[in-house]
Amino acid sequence: MAQKKESVKNHPAEEQLEGLKFEQGLEKLECILEMLENEELSLEDSIKNYETGVKYYNFCKEKLDVLEKKIEVLVKNGASGEITSVPYRRDEIEETNR
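Residues numbered from 1 in each chain as written. Predicted model: local features only at pLDDT ≥ 70, side-chain atom pairs only at ≥ 80, totals over all residues. Heavy atoms only, no water.

## Side note on a nonpolar patch on the surface
On the surface, L33, L36, Y50 and V54 cluster together to form a nonpolar patch covering roughly 350 Å² of accessible area. Counting only elements with at least two residues in the nonpolar patch, the list comes to α1 (22-38) and α2 (43-70). Here V54 is to be found in helix α2. (Patch = residues over 30% accessible without salt bridge, like charges linked within 9 Å, V, L, I, M, F, W, Y side chains within 5 Å. Areas by Shrake-Rupley, 256 points an atom, 1.4 Å probe, with all protein chains shown as cover. Salt bridge = Lys/Arg side-chain N within 4 Å of Asp/Glu carboxyl O. Helix = DSSP H or I, 4+ residues; strand = E, 2+ residues; numbered from the N terminus.)

The following block contains the structure:
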């Protein structure tokens, strides 16, 4: 029988997210998702992993939201050819892509 990965014990819900980089949080979230998809975990371990995964998901989303506000989009003025920067606005970009 294949050796099982440790469940939530590698990803305790109490683990501090402060100081964690986005990539590290995403890696842990991917690991948890893989365990939930591929491992035969008990219901209790599945729920613990799910709860921890939600915490990492929220952490990553929050990091992206903060970083997104820092992004500036370069806009070229058609008349003068001057390039200016404007704050990134997801809603405006998503509307033009529809």
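## Comments concerning α2
With 28 residues, α2 ought to run about 40 Å at 1.5 Å a step, and its terminal C-alpha atoms sit 41 Å apart, in line with that. Residues of α2 that are buried include every one of N49, T52, G53, Y56, F59, C60 and E68, and no others. (Expected span 1.5 Å × (residues − 1). Buried < 20%, exposed > 50% of the residue type's maximum accessible area, 1.4 Å probe, protein only.)

## Here's the deal with the side chain of T52
Tracing the backbone shows T52 in helix α2. Under the relative-accessibility criterion, T52 is labelled buried at 1%. Side-chain polar atoms of T52 contact the backbone oxygen of K48, separated by 2.9 Å. (Polar contact = N/O pair within 3.5 Å; in protein donor to acceptor, adjacent residues only side chain to side chain.)

## Things to note about the pattern of salt bridges
All told, the structure shown has one salt bridge when counted by the stated rule. Here K61 and D65 are joined by a salt bridge, their closest N and O atoms 3.2 Å apart. With K61 and D65 both in helix α2, this residue pair falls four residues apart, about one helical turn. Here D65 falls in the partly exposed class, since its relative accessible area comes to 24%.

## A closer look at the confidence of the model for the protein
Detailed reading of predicted coordinates is not advised where the pLDDT is low. Across the protein, the average pLDDT comes to 78, with 71% of residues at 70 or higher. Across the protein, element-level confidence peaks in α1 with a mean pLDDT of 94 and bottoms out in helix α3 (residues 90-96) with 60. In the model, residues 1-14 has pLDDT below 50 throughout and makes 23 contacts with residues more than four positions away in sequence or in other chains. (pLDDT = per-residue confidence, 0-100. Contact = heavy atoms within 4.5 Å.)

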